[in-house]
Amino acid sequence: MIEEDNTSKCIVTEAAAPVNIYLPLLIALFIYIALISFSFVFGTIRKHWRHCQESKGSELLVRESPHASVESMAPKIPPQAPPTTSTPPTPGMSPTLSSVSNPTSRPQRQRLKSLDTFRGISIVLMIFVNSGGGKYYFFEHAIWDGLCVADLVFPWFLWIMGVCVPISVKSQVKRGIPKLKIFKYILIRSIKLIGLGILYNTLDQPAQFGENANLRIPGVLQRFGICYFVSATLVLISMTVNFTKPGGRAVSTVILEVTKKKYFFFSSNT
């Protein structure tokens with residue numbers, strides 16, 4: 001409030017105490033740290049409690065059978081079944097159980113927890129940025145120069161995609177899937193990403209063609225589709241089941257060597 005007296009002097013009066021705009025971010029950070037700490041402490045306590053229960057169980061066994069030897073207390077390993085060979089069935093007879101493969105013998109896939117965690121952080125940040133970012137300036141995209149937190153979401157997703165592509169392609173090659181079939185899957189997935197990106201650009205207003213065309217082709221998903229197609233195709237061409245197996249040069253190595261030779265060629269001529 002500004003008051004003016006007879007001597008024409010301005011007096012500034014504070015109507016309310018200023019609010020710390022960073023307080024919600026600090027509270028959210030504190031909550032996340034508390035949840036992480038609680039999960040770590042709870043996991044440690046649970047692991048220690050299981051260890052205590054197992055030790056108590058072993059002590060009870062010793063008390064009940066004091067003359068039991070150490071060998072009798074050791075966990076018994078069930079005998080392994082001899083390997084069965086699949087033989088073709090005789091004409092006119094049904095195949096035996098030994099010739100039928102067990103569908104449940106496939107090993108369970110292991111997830112890369114660090115990559116899943118980083119993907120989750122990127123998704124949360126993307127949702128927060130797309131929802132306005134709380135009107136914080138560093139949660140908005142830089143107009144031209146500079147770098148804000150919102151500008152890191154797209155490179156983070158590209159990096160995640162670059163890490164996932166070799167893992168996925170190698171897993172499919174190990175399972176014996178033909179490379180032509182893998183390339184078909186890569187092509188279809190790239191077309192889907194580009195198509196979804198074009199459809200997303202038409203959400204605000206219907207697409208128009210001709211003189212009043214307003215359809216925007218470039219976009220985030222379109223760039224993802226192009227980058228995925230190029231990187232996955234290069235990985236598929238240079239992929240082998242065993243990376244350490246000699247023979248065969250990676251496409252990236254050839255590209256780097258050709259670029260280096262061209263650079264030295266133009267540098268020597270200039």
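Here the structure is shown first, and the text comes after it.
Treat the numbers as computed from the prediction; the structure is a model and nothing was measured.

A. Structural context of the overall build of the protein. When helices and strands are tallied, the protein shows 7 helices and 2 strands. A burial count over the protein gives 12% of its 270 residues as buried. In the protein, the share of contacts with a sequence separation of at least 24, taken over all contacts with a separation of at least 6, comes to 59%. Surface summary for the protein: the accessible area is close to 23100 Å², and the carbon and sulfur share equals 66%.

B. Structural detail: the packing of aromatic side chains. Evaluation of the coordinates by the stated rule reveals 13 aromatic pairs. Plain terms: the ring middles of Tyr-22 and Tyr-136 are 6.3 Å apart, the flat faces sit at 20° to each other, and that makes the pair stacked. With a gap of 114 residues between them, Tyr-22 in the loop between strand 2 (10–12) and helix 1 (23–64) and Tyr-136 in the loop between helix 3 (113–130) and helix 4 (153–174) connect regions that are remote in the sequence. The cationic tip of Arg-189 hangs over the ring face of Tyr-228; the distance from NZ or CZ to the ring centre is 5.3 Å.

C. Summary view of the layout of surface pockets. In this structure, the largest pocket encloses a volume near 1800 Å³. Along the walls of the largest pocket sit 48 residues, with Arg-119, Ile-160, Met-161, Cys-164 and Arg-189 positioned nearest its centre. Broken down by element, the lining of the largest pocket gets its largest block of residues, 15 residues, from helix 4. Here the residues of the lining of the largest pocket are counted per class, giving 25 nonpolar, 11 polar and 12 charged. Looking at the second largest pocket, its volume works out to about 440 Å³.

D. Layout of the pattern of salt bridges. By the definition in use, this model includes 2 salt bridges. One salt bridge in this structure joins Asp-116 and Arg-111, with 3.0 Å as the shortest N-O distance. Among the ionic pairs, Arg-119 bridges to Asp-116, the shortest N-O distance being 2.7 Å. Pair noted here: Arg-119 and Asp-116 are both in helix 3, with a separation of 3 residues, about one helical turn. Shared partners join several salt bridges into a network, and the residues in it are Arg-111, Asp-116 and Arg-119.

E. Layout of the side chain of Gln-172. On the secondary structure map, Gln-172 appears in helix 4. We classify Gln-172 as buried; its relative accessible area is 11%. Ignoring anything within four residues of it in the chain, the contact list for Gln-172 reads Ile-177, Ile-182 and Tyr-185.

F. Broad picture of the nonpolar core. Ranked by size, the top nonpolar core spans 20 residues in total, and within it Phe-139, Val-165, Val-169, Ile-186 and Tyr-228 carry the most contacts. Every element with two or more residues in this core is listed here: helix 3, helix 4, helix 5 (179–200) and helix 6 (220–238). If near-sequence neighbours (up to four positions away) are discounted, Val-165 is found in contact with Tyr-228, Ser-231, Ala-232 and Val-235.

G. Structural detail: unusual backbone geometry. Even without being a glycine, Lys-135 presents a positive backbone phi close to 65°. Residue placement: Lys-135 occurs in the loop between helix 3 and helix 4. Since its relative accessible area comes to 73%, Lys-135 is described here as exposed.

H. How the structure looks around a nonpolar patch on the surface. On the surface, a nonpolar cluster with roughly 1200 Å² of combined accessible area is contributed by Ile-21, Tyr-22, Leu-23, Leu-26, Ile-27, Phe-30, Ile-31, Tyr-32, Leu-35, Val-124 and Tyr-137. The dominant element in the nonpolar patch, judged by the number of residues it contributes, is helix 1, at 7 residues. Along the chain, the position of Tyr-137 falls in the loop between helix 3 and helix 4.

So, how was this worked out
- Residues numbered from 1 in each chain as written.
- Predicted model: local features only at pLDDT ≥ 70, side-chain atom pairs only at ≥ 80, totals over all residues.
- Heavy atoms only, no water.
- Helix = DSSP H or I, 4+ residues; strand = E, 2+ residues; numbered from the N terminus.
- Buried < 20%, exposed > 50% of the residue type's maximum accessible area, 1.4 Å probe, protein only.
- Contact = heavy atoms within 4.5 Å.
- Areas by Shrake-Rupley, 256 points an atom, 1.4 Å probe, with all protein chains shown as cover.
- Phe/Tyr/Trp six-rings, centres within 6.5 Å; stacked < 30°, edge-to-face > 60°.
- Lys NZ or Arg CZ within 6 Å of the ring centre and 35° of its normal.
- 1 Å grid on protein atoms, 1.4 Å probe; cavity = no way out; pocket = protein on both sides within 12 Å on 5 of 7 lines; lining within 4 Å.
- Points joined across faces, edges and corners; volume = space filled by probe spheres on them.
- Nonpolar A, V, L, I, M, F, W, Y, C, P; charged D, E, K, R; others polar.
- Salt bridge = Lys/Arg side-chain N within 4 Å of Asp/Glu carboxyl O.
- Core = buried A, V, L, I, M, F, W, Y, C linked by side-chain atoms within 4.5 Å.
- Patch = residues over 30% accessible without salt bridge, like charges linked within 9 Å, V, L, I, M, F, W, Y side chains within 5 Å.

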